[in-house]
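Commentary on secondary and tertiary structure
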Number of protein chains: 2
Amino acid sequence: MDPDDRRQQILARAQTLFRERPYGEVSNTEIAAAAGVSRGLLNHYFGTKRELYLAALAEMLDVPPVPVPEYVAGASVRDRVCESVNGWLQLLEDDQETWLAALGTGGDPELEQVVDQAREGIVDHIIEVVGLGPLARSRPEVRGMLRGFSGMAEATSAEWLKRGRLTRHQVHEFLEETLVRLLEDVIPRVLDDPPP
Amino acid sequence: MDPDDRRQQILARAQTLFRERPYGEVSNTEIAAAAGVSRGLLNHYFGTKRELYLAALAEMLDVPPVPVPEYVAGASVRDRVCESVNGWLQLLEDDQETWLAALGTGGDPELEQVVDQAREGIVDHIIEVVGLGPLARSRPEVRGMLRGFSGMAEATSAEWLKRGRLTRHQVHEFLEETLVRLLEDVIPRVLDDPPP
DNA sequence: CACGTTGTTGGCGCCTCGCCAATAGAGATT
DNA sequence: AATCTCTATTGGCGAGGCGCCAACAACGTG
């Protein structure tokens, strides 16, 4: 068989398995059996199991981005932003299981639950400090949106601590300005908006 | 030895090891040796290796939140928001390595690089669709902040797809409103602000 | 026709994990 | 004080997984 085809076939089988179960629970033996080849052939093509996993994941995430429509050239900022958000949600709906498996903790539900609980504590702290009223506290949508802000805080903090593209001062200012606008404008607007 | 003390001691050693290396690269034998006990004792206390890992991670993430200062009662929204952001950054500086190890992909650098590349592609797409000028494109701070927005998009999408606390419509509206404000107000303000 | 190259396989050795029988030591009971 | 029970603790056994390597086969080439 053609080496490129074989390599691609193994990767395809590995992807489907890594999508449904986390790394540690998928054995090379299983991947080889699913691909109809010997186990040693996996090492021949990809070296180690980790390299196979990285290759599979890289190809999973290497999806062509949603094409940019033409009309954005003369459109307003809001229209272009709307289009960008649409592109993201579209991408997410197209191959949902891929992103859910790749991002997060790799698909482990119990592990997910542990870090989820810690993040909910962060949200609790935000709610307490900014002094949300009891009516806002009771709505789960508010918690959901604040979890969104928490994700932003984690990402910008990583930009500061790991990548160095932001300073601590910039992270602070960015998060403060954003959170103020969320509380005063965005969140009330989303809450008041009726579902279509 | 007192069972509680022993359990705590094993957890402490496991935490330090799991902080510096990802799950798969830390063996139970190593944890047992570091704790000065037999390997079988780990199974006696925690059952399986995964349970030990979850227990260690849960205790790592179970840090007491930064206490809320008193003056927030009569302060403005902005002051309280500032205090909340301060709390987050403080928490991050106090035990930085814990959060960096727990969040993200579990401390695996190569895996991190793969998903990082995918996320940078998302940022590229945002930049292209919203039509940022070449001067804004060139600044790495802009990319850093848009990565923050990307983190928010991932978190809110998880709220929609996994938790169900937000609808797709709400996610869309929330992200659109937020991104418009980021582009028009927040990002320019952070860029123009001189470092202290 | 011989020969080197390469895809492919089965097997060997090492490591890790979960389980279990065996041990030792402390506390309780008589 | 002696015994007995309970439990913390250990070493070892078996299963499974991974990386590596020698052997085989098939195909093109001189």
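Residues numbered from 1 in each chain as written. Chains lettered and ligands numbered in written order. Predicted model: local features only at pLDDT ≥ 70, side-chain atom pairs only at ≥ 80, totals over all residues. Heavy atoms only, no water.

**Brief notes about the overall build of chain A**
- A count of helical and extended segments in chain A gives 10 helices and 0 strands.
- Tracing chain A from N to C terminus, the helices and strands come up as α-α-α-α-α-α-α-α-α-α.
- For 196 residues, the compact-globule estimate of 2.2 N^0.38 gives 16 Å, and the C-alpha radius of gyration of chain A, at 22 Å, exceeds that figure by more than 25%.
- Across its three principal axes, chain A shows a C-alpha extent of roughly 65 × 45 × 40 Å.
- Out of the 196 residues belonging to chain A, those deemed buried represent 50%. (Helix = DSSP H or I, 4+ residues; strand = E, 2+ residues; numbered from the N terminus. Rg over C-alpha atoms; globule rule 2.2 N^0.38 Å. Buried < 20%, exposed > 50% of the residue type's maximum accessible area, 1.4 Å probe, protein only.)

**Observations concerning the relation of the copies chain B and chain A**
- In screw terms, the move from chain B to chain A is a rotation of 180° and a rise of 0.0 Å along the axis, fitting with an RMSD of 0.1 Å. What the superposition gives is, in effect, a two-fold axis relating one chain to the other.
- Take the interface residues of chain B: 100% of them recur as interface residues in chain A, which is what a same-surface contact looks like. (Least-squares fit on C-alpha atoms with pLDDT ≥ 70 in both. Contact = heavy atoms within 4.5 Å.)

**Comments concerning the protein's contact with DNA strand D**
- Taken together, 18 residues surround DNA strand D, and among them Arg39(A), Thr48(A), Arg6(B), Ser38(B) and Tyr45(B) come closest.
- The sugar and phosphate moieties of DNA strand D supply 60% of its atoms located within 4 Å of the protein.
- Contacts to DNA strand D include Lys49(A), whose side-chain N or O atom sits 2.9 Å from a phosphate oxygen.
- The contact in question runs from a phosphate oxygen of DNA strand D to an N or O atom on the side chain of Tyr45(B), over 2.8 Å.
- Mapped onto the surface near DNA strand D, the elements with two or more residues apiece are α2 (28-35) and α3 (39-46) of chain A together with α1 (3-20) and α3 (39-46) of chain B.
- For the surface near DNA strand D, the leading source of residues is α3(B), giving 5 residues. (Near = heavy atom within 4 Å. Polar contact = N/O pair within 3.5 Å; in protein donor to acceptor, adjacent residues only side chain to side chain.)

**Quick notes on the interface of chain B and chain A**
- Contacts between chain B and chain A engage 93 residues on the former and 94 residues on the latter.
- Summed over both sides, the interface of chain B with chain A buries roughly 8,700 Å², with 67% coming from carbon and sulfur.
- Counting the surface chain B buries against chain A, the share from its top three residues, Trp88(B), Val129(B) and Arg165(B), is 7%.
- For the pair chain B and chain A, the number of links is 21 salt bridges. (Buried area = accessible area lost by both parts, 1.4 Å probe. Salt bridge = Lys/Arg side-chain N within 4 Å of Asp/Glu carboxyl O.)

**What about the protein's contact with DNA strand C?**
- Taken together, 18 residues lie near DNA strand C, and Arg6(A), Ser38(A), Asn28(B), Arg39(B) and Thr48(B) sit nearest.
- When the atoms of DNA strand C within 4 Å of the protein are grouped by moiety, sugar and phosphate amount to 58% of the total.
- Measuring from a phosphate oxygen of DNA strand C, one finds a side-chain N or O atom of His44(A) at 3.4 Å.
- For DNA strand C, a phosphate oxygen lies 2.9 Å from a polar atom in the backbone of Asn28(B).
- Elements that contribute at least two residues to the surface near DNA strand C include exactly α1 (3-20) and α3 of chain A together with α2 (28-35) and α3 of chain B.

**As for the UniProt feature "DNA-binding region" (unreviewed entry) in chain A**
- The UniProt record annotates "DNA-binding region" (unreviewed entry) at residues 27-46 of chain A.
- Counted over residues 27-46 of chain A, helix gives 80% and strand 0%. Its end C-alpha atoms are 14 Å apart. (UniProt positions renumbered as here; feature names shortened; annotations may be inferred.)

**Some details on the side chain of His125(A)**
- Looking at where His125(A) falls in the secondary structure, it is placed in helix α7 (residues 109-130).
- Only 2.8 Å separates the side chain of His125(A) from the backbone oxygen of Val66(B), close enough to count as a polar contact.
- Beyond its immediate chain neighbours, meaning those up to four positions away, His125(A) contacts Pro65(B), Val66(B) and Val68(B).

**A look at the pattern of salt bridges**
- A complete count under the given rule lists 39 salt bridges over all chains for this structure.
- Among the salt bridges present, the one from Arg147(A) reaches Asp116(A), with a minimum N-O distance of 3.5 Å. Residue Arg147(A) is found in helix α9 (residues 140-163), and its partner Asp116(A) is found in helix α7; the two are separated by 31 residues along the sequence.
- Since its relative accessible area comes to 9%, Arg147(A) is described here as buried.
- On the basis of relative accessible area, Asp116(A) is assigned to the buried category, the value being 14%.
- Counted as one network, the salt bridges with shared partners bring together Asp116(A), Glu120(A), Asp124(A), Arg143(A), Arg147(A), Glu159(B), Arg163(B) and Arg165(B).

**Side note on the UniProt feature "domain: HTH tetR-type" (unreviewed entry) in chain A**
- Using the residue numbers shown here, the UniProt feature "domain: HTH tetR-type" (unreviewed entry) corresponds to residues 4-64 of chain A.
- The span residues 4-64 of chain A shows a helical share of 75% and a strand share of 0%, and its end C-alpha atoms are spaced 21 Å apart.

**Examining the side chain of Ser84(B)**
- Examined against the element boundaries, Ser84(B) turns out to sit in helix α5 (residues 77-94).
- By relative accessible area, Ser84(B) is classed as buried at 5%.

**Looking at the packing of aromatic side chains**
Residues and elements named next belong to chain A.
- Inspection of every chain in the model, using the stated rule, returns 10 aromatic pairs over all chains.
- Look at Trp88 and Trp99: their rings are 5.8 Å apart centre to centre, the planes differ by 70°, and that puts the pair in the edge-to-face class. Of this pair, Trp88 sits in helix α5 (residues 77-94) while Trp99 sits in helix α6 (residues 96-102), and the two are 11 residues apart along the sequence.
- Of the residues examined, Trp99 reaches a relative accessible area of 3% and is grouped as buried. (Phe/Tyr/Trp six-rings, centres within 6.5 Å; stacked < 30°, edge-to-face > 60°.)

**Section: α5(B)**
- For α5(B), spanning 18 residues, the distance from its first C-alpha to its last is 26 Å, which sits close to the expected 26 Å at 1.5 Å a residue.
- Within α5(B), burial applies to Arg80(B), Val81(B), Glu83(B), Ser84(B), Val85(B), Gly87(B), Trp88(B), Leu89(B), Leu91(B) and Leu92(B).
- Residues of α5(B) that are buried sit in contact with α7, α9 and α10 (168-192) of chain A together with α6 (96-102) of chain B. (Expected span 1.5 Å × (residues − 1).)

**Let's talk about the packing of α10(A) against α5(B)**
- The interhelical angle for the contact between α10(A) and α5(B), taken along N-to-C directions, is 135°, at an axis separation of 9 Å. When the axis of α10(A) is compared with that of α5(B), the two are oblique. Viewed along their axes, α10(A) and α5(B) form a crossing whose handedness is right-handed. Across from Arg168(A), Val171(A), His172(A), Leu175(A), Glu176(A), Glu177(A), Leu179(A), Val180(A), Arg181(A), Leu183(A) and Glu184(A) in α10(A), the residues of α5(B) making contact are Val77(B), Arg78(B), Val81(B), Cys82(B), Ser84(B), Val85(B), Asn86(B), Trp88(B), Leu89(B) and Glu93(B).
- Looking at side-chain class alone, the contact of α10(A) with α5(B) contains 11 nonpolar, 3 polar and 7 charged residues. (Axes fitted to C-alpha atoms, helices over the stretch in contact; angles between N-to-C directions. Parallel < 35°, antiparallel > 145°, perpendicular 65-115°, else oblique. Left-handed = near helix turned anticlockwise from the far one by under 90°. Nonpolar A, V, L, I, M, F, W, Y, C, P; charged D, E, K, R; others polar.)

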